Amino acid sequence: MTSPLDRISRHHGLTLAYDDPEGGPMRPVPDETKRLILEGLHVDPEAEPEGHPAPERMTVPEEARCHLPGELSDAPAWGIFCQLYELRSARNWGIGDFADLAELARICATAGADFLGINPVHALFLADPDRRSPFFPSNRRFLNPLYIAPDRVPGAQNTEEARALRSGDLVDYPAVAEVKLRALRAAFDAQPPAGAHAKDFETFCAEGGTPLRLHALFEAISSRMAAEGHGAGWRDWPEEMRDPNSPQVAEMAERLAQDVAFHLWLQWIARLQLREAQEAALDAGMRIGLYLDVAVGEAPDGSSTWSGAAAELPGLAIGAPPDMFATEGQVWGLSAPSPVALESQDFAPFAEMIAAQLHDAGALRIDHAMALWQLFLVPEGESPARGTHLRFPFPDMLRTLSRLSREHEALVIGEDLGFVPAGFRDAMAEANILSYRILYFEQTERGFVSAAEYPVKALACLSTHDLPVLAGWWRGEDVELRREYGMVGPERSAADAAHRAEERADLVSKLRRDAGLEGAADIHSGTLPDAVLDAAHRFIARTPCLLTGVRLADLVGPEAPTNLPGTTDEYPNWRPRCPVDLDALPAHPVFARVTALMREERPRPAPKERT
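So, here is what we can say about the structure in this document. A quick note: this is a predicted structure, and the numbers were derived from the prediction, not measured.

1. Points about the sheet that holds strand β11 (residues 374-379)
The pairing of strands in a sheet happens through backbone hydrogen bonds and is either parallel or antiparallel.
Okay, step 1: The four strands lie next to each other as β9-β8-β11-β12, forming an open sheet whose pairing is antiparallel. What marks the edges here is a single partner per strand, and that holds for β9 (330-331) and β12 (388-391).
Okay, step 2: Of the strand pairs in this sheet, β11 and β12 are connected by four bridges, and their pairing is antiparallel. Residue pairing in the sheet places Leu375 in a bridge with Leu390 of β12.

So, in structure tokens, the structure goes:
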């Protein structure tokens, strides 16, 4: 018989058991986990079910269709991806910035690209800049001021320290933050907004409202707390500072009024510079422009959860269930929104977060898009094996997302990798959310699928930030790194290396058939042949996918992995820098060669007049 706890859990969208990755019987979800989630939903675990149940089918409402211009069917687009921080230029301060982004947009547009994709640029923790993962943000509504170009800000002095930061092969986030914030604070103190700029700044603050003010207040308090030996996140603050509505916080806000104003100003400058980059992309001829990325959640001790904007479920973290690649599952540590809280606020927290991304973008990639349907939640401090999936109000999430997509005329791409529930990709296609198809993963038991088998409503690319560039994949660098960092044992590593040799042979075969690869290609060589790199890009360009993405690192480096999943400080994640200056990109032989073939395969139509 079904217990009362299971009945109410099922009613509210909790999964009661999940597959065993080793083929054993279904693993039951612990009762303690069910109760914790139900209590977070403000549901009595002992009560009988009331109200409408969580959706059991992925219903796509008629009106839930994202923006998808018909011209893409006649002229599919291609673009370039990069990590913004990795860009190197003669003028930046040791980290790629929004001025670099504008310049790269012009370079890519001239090369024929219709979009320029970058990592999430969400606000992180300025008081703890080594918390650098763009996918672990403090607040997704606001921007990371470390991407501000100080030389475009009147009064920000370019010091010898700033110039010295340009030469490193890795981004030194603490050093960058110290030098940039010192220069920007001096500029703000010396020349606060005046005249027309003051009016624009006041309008920006008024439009940002309470969420913006609370974020600026969080940053000001966070800086003070870190200086006093506490953590940058609010969970490490004294108890009275953890509630933004406490008298002590109000008193601190008065004392730190100038600091709060500075952080408001940083957000204004960052937004202006991001907007300028989008304008540069469109003015240079791109049909889409900037392609931004949104993380699946927010840090549990960040600005969003402190202010209440995250509408999070307490005591739970987002993760992934056990599978054949991670038999114990995964815990990502991000806070999860409450579907009950979202519904009670007419999905305003979700809408405002999405709108913040689309304000200056022509496309948006949603990390772990399955979150529109369900999230795997793990009690904090527990093994992921004790977690379970919680379903979300899928139709309402789609209505909100699609409305904003149409209002901003922005494409939506859903990162649908990992555990994808049956029917989810069909629902995405119905809602005009493009699938995210990576060459390395598009295989069956017979090997790589043909170019023609890729779906139309998709973006095709070789790899992403969690995977090696093609040269690294070819030599099995990812296999070796997983062994070196203890993620897999020697036996599994040897099997993976042997399989990679088979994959190389099969890839070459498919490239000969579908992408015109000619001549010899030594599959046993540790060096990726130029002809294979070119053919791989020609292959994805020849898929029917509406969008194709070229990874800048595949063309000019860095070849070092961007991020090694499963590591934190053991590997320099999110730090490797491009070895080539922006000014040298157009003449770089690989950049010139690959962009030329992409132009040939996917020519841009005659431009329409911008409105």
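Anyway, onward from the coordinates.
2. Looking at the packing of helix α18 (residues 530-541) against helix α20 (residues 589-601)
Okay, step 1: Running from N to C, α18 and α20 point in directions that differ by 30°, and their axes come no closer than 10 Å. Considered as vectors, α18 and α20 are oriented roughly parallel to each other. Relative to α20, α18 is oriented so that their crossing is right-handed. Taking contact as the criterion, the partners of Asp530, Leu533, Asp534, His537, Arg538 and Ala541 in α18 are, on α20, Val590, Arg593, Val594, Leu597, Met598 and Glu601.

3. What to know about the environment of Ala501
Okay, step 1: In this structure, Ala501 sits in helix α17 (residues 490-514).
Okay, step 2: Residue Ala501 is classed as partly exposed on the basis of its relative accessible area, which comes to 28%.
Okay, step 3: The spatial distance from the C-alpha of Ala501 to the C-alpha of Asp130 is 37 Å, given a sequence separation of 371 residues.

4. Remarks on the packing of aromatic side chains
Okay, step 1: Here the structure, examined in full by the defined rule, presents 21 aromatic pairs.
Okay, step 2: Site record: aromatic cluster; members linked through ring pairs are Phe125, Phe218, Trp237 and Trp306.
Okay, step 3: Its guanidinium or amino end placed over the ring of Trp474, Arg504 lies 5.8 Å from that ring's centre, counting from NZ or CZ.

5. Digging into helix α13 (residues 394-408)
Every α-helix carries 3.6 residues per turn, so stepping three or four residues along brings you back to the same face.
Okay, step 1: Taking 1.5 Å of rise per residue, the 15 residues of α13 would be expected to cover 21 Å, and the 21 Å separating its terminal C-alpha atoms lies within 8% of that figure.
Okay, step 2: Those residues of α13 that sit buried are Phe394, Pro395, Met397, Leu398, Thr400, Leu401, Ser402, Leu404 and Ser405.

6. Some points on the pattern of salt bridges
Okay, step 1: Scanning all chains against the criterion turns up 52 salt bridges.
Okay, step 2: Here Arg483 ties to Glu480 by a salt bridge, and the two come within 2.3 Å at their closest N and O atoms. Of the two residues, Arg483 and Glu480 both sit in helix α16 (residues 477-484), three residues apart, roughly one turn of that helix.
Okay, step 3: One network of salt bridges, with partners in common, ties together Asp478, Arg482, Arg492, Asp496, Arg500 and Glu503.

7. Concerning unusual backbone geometry
Okay, step 1: Here the residue pair Gly557 and Pro558 is connected by a cis peptide bond, since its omega of 5° sits within 30 degrees of zero.
Okay, step 2: Within the element layout of this structure, Pro558 appears in the loop between α19 (552-556) and α20.
Okay, step 3: Of note in this structure, His42 is not a glycine but carries a positive phi near 65°.
Okay, step 4: Along the chain, the position of His42 falls in the loop between α2 (31-40) and α3 (71-74).
Okay, step 5: Note on His42: relative accessible area 72%, which makes it exposed.

Conventions we followed
Residues numbered from 1 in each chain as written. Predicted model: local features only at pLDDT ≥ 70, side-chain atom pairs only at ≥ 80, totals over all residues. Heavy atoms only, no water. Pairing = 2+ DSSP bridges. Helix = DSSP H or I, 4+ residues; strand = E, 2+ residues; numbered from the N terminus. Axes fitted to C-alpha atoms, helices over the stretch in contact; angles between N-to-C directions. Parallel < 35°, antiparallel > 145°, perpendicular 65-115°, else oblique. Left-handed = near helix turned anticlockwise from the far one by under 90°. Contact = heavy atoms within 4.5 Å. Buried < 20%, exposed > 50% of the residue type's maximum accessible area, 1.4 Å probe, protein only. Phe/Tyr/Trp six-rings, centres within 6.5 Å; stacked < 30°, edge-to-face > 60°. Lys NZ or Arg CZ within 6 Å of the ring centre and 35° of its normal. Expected span 1.5 Å × (residues − 1). Salt bridge = Lys/Arg side-chain N within 4 Å of Asp/Glu carboxyl O.

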